[in-house]
Amino acid sequence: MSNTDALIKNLVEKHGNSRNNLMPILQGVVREERSLTEEAMLKVAEALDISSAEVYGTASFYTFLDTMPRGKNVIRICKTITCHMKGKDEIIEALEKELNINVGETTSDKKFTLLSANCLGWCHKGPVMLVNDDIYPELTVDKALEIVQEYAHNSK
Amino acid sequence: MSNNKYLVNLTVNNKPVSVEEGTTILDAARKLKFKIPTLCHHPDLHVAGNCRVCVVEQKGARNLVASCATPVSEGMEIYTNSAKVRESRKHVIELLLSEHNADCTKCIKNGRCELQELASEYRVGDHVFLDLVDEKDKIPDISSPSIQKDDSKCIRCQRCVRTCSELQAVSALAVVNKGDEQRVSTFLNKPLDDVVCTNCGQCVNRCPTGALTERAYLDNVWEAINDPSKHTVVQTAPAVRIGLGEDLGVDPGQRVTGKMVAALKAIGFDSVLDTDFTADLTIMEEGTELLTRLKEALVDNNESTKLPMMTSCSPGWVKFQEHMFPELLPNLSSCKSPQQMFGPLAKTYYAQKKGLKAENIVSVSVMPCTAKKFEAERPEMRASGYQDVDYVLTTREMAMMVKQAGIEFESLEDQNYDSIMGKSSGAGVIFGATGGVMEAALRTAYEIVTGEEVPFKNLNITPVRGMEGVRDAQITVKGAKPEWSFLEGATLNVAVAHGLANAKKLMQAVKSGEKEYHFIEVMGCPGGCLGGGGQPIPTSQEIRDARAKAIYDEDADMPIRKSHENPEIQAIYNDFLGEPLSHKSHDLLHTHYKPRKRY
Amino acid sequence: METAEAKNFKKVDIIFECQDCKPIEVLDTNLERKPDDIILDIIDSGLKGRGGAGFPTGLKWKFTKNETAEPKYVICNADEGEPGTFKDREILDRVPEKVFVGMALCGYSIGAKEGIIYLRGEYNFLLKDLNKKLEKFNKQLKDRNLDFSISIKSGSGAYICGEESALFESMEGKRGEPRNKPPYPTTEGYNFKPTVINNVETLVYTTMICNLGPDKFKELGTKDSRGSKVFSVSGDTPIAGIYELELGMSLSTFVEEFGDGDTKSVQVGGASGHCVPRKYFEDTIIGFEGIPTGGSMMIFNSTRSMYNVLHDYLEFFTEESCGQCTPCRVGCQQLLKGIEAVKRGERKPSYLDDLKKLASNMNLSAKCGLGQSVANPFNSIVDNFREEIIY
């Protein structure tokens, strides 16, 4: 049994195999694997006995249920107007340079994916970014670089 | 009409009308003969309310309401053609056109496209919006031999998605992504031939534009007809004769058998033959297979013989079973479908009789079906040493050929099919309706066993007829001949399902043991082949009912009603095949199935 | 816009007040009352939904209570996705028990046994703490023999799921596409059962109305806009943050308090709200009689390009439209690409008038509030800052 297989089996056991539980199951897979692979979506379809196209259709509706391969750490920088006004472009530029990728891409060592996101709900403390589930408000370029470097060190 | 529903009073364009509670504004307006345009609405499907072309003004409401999705309420005042409505509706049409690849002159749906019709009605030729069509969507998916998917023509009405899930329980198509990226897609946007699509074409039947169409092979057929070195043979399926007229100016439910034959001859086919003939042949083989299975299972206790036996005439259903219930594949009859029985016989039996070389025969079929295109290309279907059926046309493609040939269809004199594979019985005809294969099989099998006709008035086995999604019936054998004595007094349980969502329910009941049957007929499309994915558009229950009536009328008018009494059937067994399930039959007329991935 | 008398600017402390109010005690006191009496109090208070749409909360509870179908649900809408809004996160972070009690009181009043908080995926970092507190709270409910419990379902990044019927679809494991209405949630909501769905802030107010009594609440605000409201203030302001203010103030008093002295315009109600230019500050009342708002107040000073602001909003809607209905899916793209084309000179400035018509028709014909409301920012920004869009 592959890791994905076992993970999905556990998630289905925990949440149940009805359609209502599709979201928590997909969320559980993304939490562990950062994105939904073809294999994972097929396994979920099988476990819930729904078509794989429907699983894909549902997953692809939600920004956080990525169906593209993602790195170990997913950075999402808020691009909404107030963060824009507070300098999100400089943060993005700095991180693109630091990670040597463009927004939307993943580093070759698969450690980081850099994305932009719609309003993260911290307009009074922009610019702001999410790294995985953790929030980092009131960013400066230095602070953003420091945070990313910390993730780089802490993750193998 | 049920009596316990309240009547609701409203006005539409100031005209009063009373309708049952729960009626939509759309239907109330239709009752008053006010036409409201629709796109995402389809009578066979649940309401979506997403295209917004049917918006109307409700007095006192701030916003316009979608008439297809809004139930009437007491005292409502509706305006279907106010300035507000007209402007909004026009905007909706213009917006749809702006994301639609409007190369109408090149489109197979040109002249029969619902969006084009609306665009013309609302005079939006000079629409102002920017062109949003994505270049990468302009490359159609032609991976499937049956269905072509062109995303640049898609207006996201989701009729196909609802068809695939509600009617067919397949969901090969789904809505994916959101916002400007939203599309109708397969799993991970894989090619259609690489997913669980059954090729049934019900989506094609319901697509308002040219986004989902059949793969058309008319040009190949014209080429063959015009090639003097080729002998072109055409077969026509039972349901074509009761549908074709709809694309040629005739009302639904009119039989056009004689004109259809005349048109095919005028088009230039060298021989016009009938799939009904091989439908009769299917009954001989399948009826015998059923009796043999019953004996093996009930008398010999042969573990490997599976019951219930299930029909295998419908290629959409067969592929569904290969994907969804591979464990039940041994239950499928090994008989090929009538189209695929005809194919090898045309290139062997017919070729011999006519003194032709098989390689010079181009075998064409006209089918109410898109899945038949896939079926003809299955690697198993080369029993003659060649691809048995070279080209499969839908009813719609044939109508197009008639028009291209400049034939005035309605003024054609009726003509008869050619021989030696052109004669059929009423049993062959009813293959085109749900329940028809079952009825035809019972007419013959019962007589084989008892020597007597089935105990139904005028041979009409009415319990298996109708449009109920799943139907079952019992027949008790009385007076079995000595060789079938094990069936004396036995009650045969049979079931019929049409539309794959109903088939799925039936299969689950069989699998769980909740229901026990001896014989099951399934047709992949709602109504059976008469409602097939290759039939004229539009389709609705009303139209399917009219077609069904035509089929049963045709049967009732036939001099021969039972497959085994067809003289050409008797001749082919005498001259060529020997007997049902003979070695030769097995080689040419039977096949096997393969499991496919389910998800 | 009506020219009603504006209230004075007044800060209020009901939502985050923690000294006197012990949420669990509010529950205890009110569980001794009849459900109908609680609902009557909420109706009497005049409380309208704080998510933005402003439906009277008490009526919602009453309609759902009157339904016979079972089970019933209480849903807390914590899918706060409107750009410029961050108050619900703050509430859930600081006073979650007040939300829980509101849900429990609603459940008790309408006869529901299950409450669910739909929390946007962007706020997943709140989950750990919230779940811990919920565990304790659910136990407290059990100790009181109240047959009600609360759980959390997470979103996964989709603005449209804040629309109540899209939220139900999402909770049912589907794409978050808004449903046709009617039926409304009070008859067919989550799992197509009678459902009360309230915004986070609304639920806290129900708790506080049960605590203070409806009269205290009614004293605040105006006839059409009772009570106070939590505002999320951002943009060009030296004091961005969360503020609870009495409803009915004029925008000019608001700008006086929060602006940086150079305020050009305020976007009231988030991306889907209205942009008010300086010349209308005096006449604009914040409340249901003027411009209602879910609480988002984005302040722009004279250095900001309103083209960028509008472009940002339109990009947002283009991406976040669920995509099912034509006016919204295609309309948003046309508006976005349209202003780009005008900016580049590929379309004449008069094309903006075509686009305004389009926006107005989207307002009339779109399936849900998202598509309907795009006209708010579009028309108000184009009307007031036309030159900035063109040049």
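From a predicted model like this one, the values you see are computed outputs, not experimental measurements.

Enquirer: Please provide a residue-by-residue account of the overall build of chain B, values included.
Expert: Check the secondary structure of chain B and you find 18 helices and 17 strands. Here chain B, with 599 residues, has 56% of them falling under the buried criterion. Taking as baseline every contact in chain B between residues at least 6 positions apart, the subset at least 24 positions apart corresponds to 74%.

Enquirer: Give me the overall build of chain A: which residues, what numbers.
Expert: If you tally the helices and strands in chain A, you get 7 helices and 4 strands. Along the chain direction, N to C, the helices and strands of chain A fall in the order α-α-α-α-β-α-α-β-β-β-α. Across the 156 residues that make up chain A, the buried fraction comes to 52%. For chain A, contacts bridging at least 24 residues in sequence account for 60% of all contacts bridging at least 6.

Enquirer: Lay out the interface of chain B and chain C with the relevant residues and their values.
Expert: In this complex, chain B contributes 30 residues to the contact, which on the side of chain C involves 29 residues. It is helix α2 (residues 83-98) of chain B that provides the largest number of residues to the side of chain B that touches chain C, a total of 8 residues. Classifying every residue of the side of chain B that touches chain C by side-chain character gives 15 nonpolar, 8 polar and 7 charged.

Enquirer: Tell me about the interface of chain C and chain A, and please be specific about residues and values.
Expert: Facing the 36 residues of chain C at the interface are 29 residues of chain A. Contributing elements (two or more residues each) for the side of chain C that touches chain A: β5 (228-235) and α11 (306-320) of chain C. If one sorts the elements of the side of chain C that touches chain A by residue count, α11 of chain C sits on top with 5 residues. Looking at the side of chain C that touches chain A, its residues break down into 11 nonpolar, 15 polar and 10 charged.

Enquirer: Lay out the environment of Pro56 of chain C in plain terms, naming residues and giving numbers.
Expert: Residue and element names in this part refer to chain C. By the element assignment, Pro56 lies in the loop between α2 (35-45) and α3 (57-66). In this structure the C-alpha to C-alpha distance between Pro56 and Gly46, which are 10 residues apart in sequence, comes to 6.8 Å. With residues up to four places along the chain from it excluded, the contact list for Pro56 reads Ile43 and Lys48.

Enquirer: Any chance you could break down the sheet that holds strand β5 (residues 77-79) of chain B for me, citing the residues and the numbers?
Expert: Residues and elements named next belong to chain B. Read across the open sheet, the 5 strands follow the order β2-β1-β5-β3-β4; overall the sheet is mixed. Sheet topology places β2 (15-20) and β4 (65-66) at the edges, where each strand pairs with a single neighbour. Docked against the sheet, α2 engages β3 (55-58) and β5, running at close to 155° with respect to β3.

Enquirer: Describe in detail the domain arrangement of chain B, supporting the description with residues and values.
Expert: Domain parsing of chain B yields domain 1 (7-81), domain 2 (100-214), domain 3 (218-277 + 339-411) and domain 4 (283-337 + 427-589). Centre-to-centre separation of domain 1 of chain B and domain 3 of chain B, based on C-alpha positions: 44 Å.

Enquirer: Please provide a residue-by-residue account of the packing of helix α3 (residues 38-48) of chain A against helix α4 (residues 52-59) of chain A, values included.
Expert: All names here are of chain A. With their axes 8 Å apart at the nearest point, α3 and α4 run at an angle of 115° to one another. Crossing angle aside, the handedness with which α3 passes α4 is right-handed. Contacts from Met41, Leu42, Val44 and Ala45 of α3 reach α4 at Ser52, Val55, Tyr56 and Ala59. Looking at the contact of α3 with α4, its residues break down into 7 nonpolar, 1 polar and no charged.

Enquirer: Can you tell me about the pairing of strand β2 (residues 114-119) of chain C, naming the residues and giving the values?
Expert: Residue and element names in this part refer to chain C. With 5 of 6 residues buried, β2 is to be regarded as a mostly interior element. One ladder, built from 6 bridges, connects strand β1 (residues 73-78) with β2; its direction is parallel. Paired with Ile75 across the strands is Ile116, a residue of β2. Bridge count for β2 against strand β3 (residues 149-154) is 6 bridges, and the pairing is parallel. Counted as the bridge partner of Leu119 is Ser154 from β3. For the crossover that starts at β2, traverses helix α6 (residues 127-143) and ends in the parallel β3, the hand is right-handed.

Enquirer: Could you give an account of the nonpolar core, naming the residues involved and the relevant values?
Expert: Core analysis: the largest hydrophobic core is formed by 314 residues, its most contacted members being Leu26 and Val44 of chain A together with Leu335 of chain C. Membership of the second largest hydrophobic core comes to 26 residues, among which are Val74, Ile75, Ile77 and Cys78 of chain A.

Enquirer: Report on the environment of Asp109 of chain A, specifying residues and quantitative values.
Expert: Residues and elements named next belong to chain A. Within the secondary structure, Asp109 is located in the loop between α6 (88-99) and β2 (112-117). Residue classification places Asp109 among the exposed positions, given that 10 C-beta atoms sit within 10 Å. C-alpha of Asp109 to C-alpha of Arg70: the two residues are 39 residues apart in sequence and 11 Å apart in space.

Enquirer: Help me get a handle on the domain arrangement of chain A, residues and values and all.
Expert: As far as domains go, chain A holds domain 1 (3-59) and domain 2 (73-154). Domain 1 of chain A and domain 2 of chain A are separated by 28 Å when their C-alpha centres are compared.

Enquirer: So what's going on with the pairing of β3 of chain B? Residues and values would help.
Expert: Residue and element names in this part refer to chain B. Pairing geometry for β3 and β4, over 2 bridges, is antiparallel. Across the sheet, the residue bridging to Val55 is Ala66, located in β4. Counting the residues between successive antiparallel strands, the hairpin from β3 to β4 contains 6 residues, one of them, Gly60, with a positive phi of roughly 90°.

Enquirer: Tell me about the sheet that holds β2 of chain C, and please be specific about residues and values.
Expert: All names here are of chain C. Taken in spatial order, the 4 strands of this open sheet run β3-β2-β1-β4, and their pairing is parallel. Bordering the open sheet on either side are β3 and β4 (195-199), each of which pairs with just one other strand. Recorded for the sheet is a direction-independent mean angle of 20° between the axes of neighbouring strands. Here β1 pairs with β4 via 5 bridges, running parallel.

Enquirer: Please set out unusual backbone geometry residue by residue, giving values where relevant.
Expert: For the peptide bond that leads from Gly126 of chain A to Pro127 of chain A, omega is -5°, which places it in the cis range. For Pro127 of chain A, the position within the fold is in the loop between β2 and β3 (129-131). Cis geometry is adopted by the peptide bond preceding Pro183 of chain C, which originates at Pro182 of chain C and carries an omega value of 0°. In the Ramachandran plot, Glu138 of chain A falls in the positive-phi region, its phi being about 50° despite a non-glycine side chain. One non-glycine residue, Asn458 of chain B, adopts positive backbone phi at about 55°. With respect to the element layout, Asn458 of chain B can be found in the loop between α14 (436-450) and β15 (470-476). The class for Asn458 of chain B is exposed, based on 10 C-beta atoms found within 10 Å.

Definitions and limits used
Residues numbered from 1 in each chain as written. Chains lettered and ligands numbered in written order. Predicted model: local features only at pLDDT ≥ 70, side-chain atom pairs only at ≥ 80, totals over all residues. Helix = DSSP H or I, 4+ residues; strand = E, 2+ residues; numbered from the N terminus. Buried ≥ 20, exposed ≤ 12 C-beta atoms within 10 Å, placed from the backbone. Contact = placed C-beta atoms within 7 Å. Nonpolar A, V, L, I, M, F, W, Y, C, P; charged D, E, K, R; others polar. Pairing = 2+ DSSP bridges. Axes fitted to C-alpha atoms, helices over the stretch in contact; angles between N-to-C directions. Domains from an automatic or database assignment. Left-handed = near helix turned anticlockwise from the far one by under 90°. Right-handed = clockwise from strand over helix to strand, strands pointing away. Core = buried A, V, L, I, M, F, W, Y, C linked by C-beta atoms within 7 Å.

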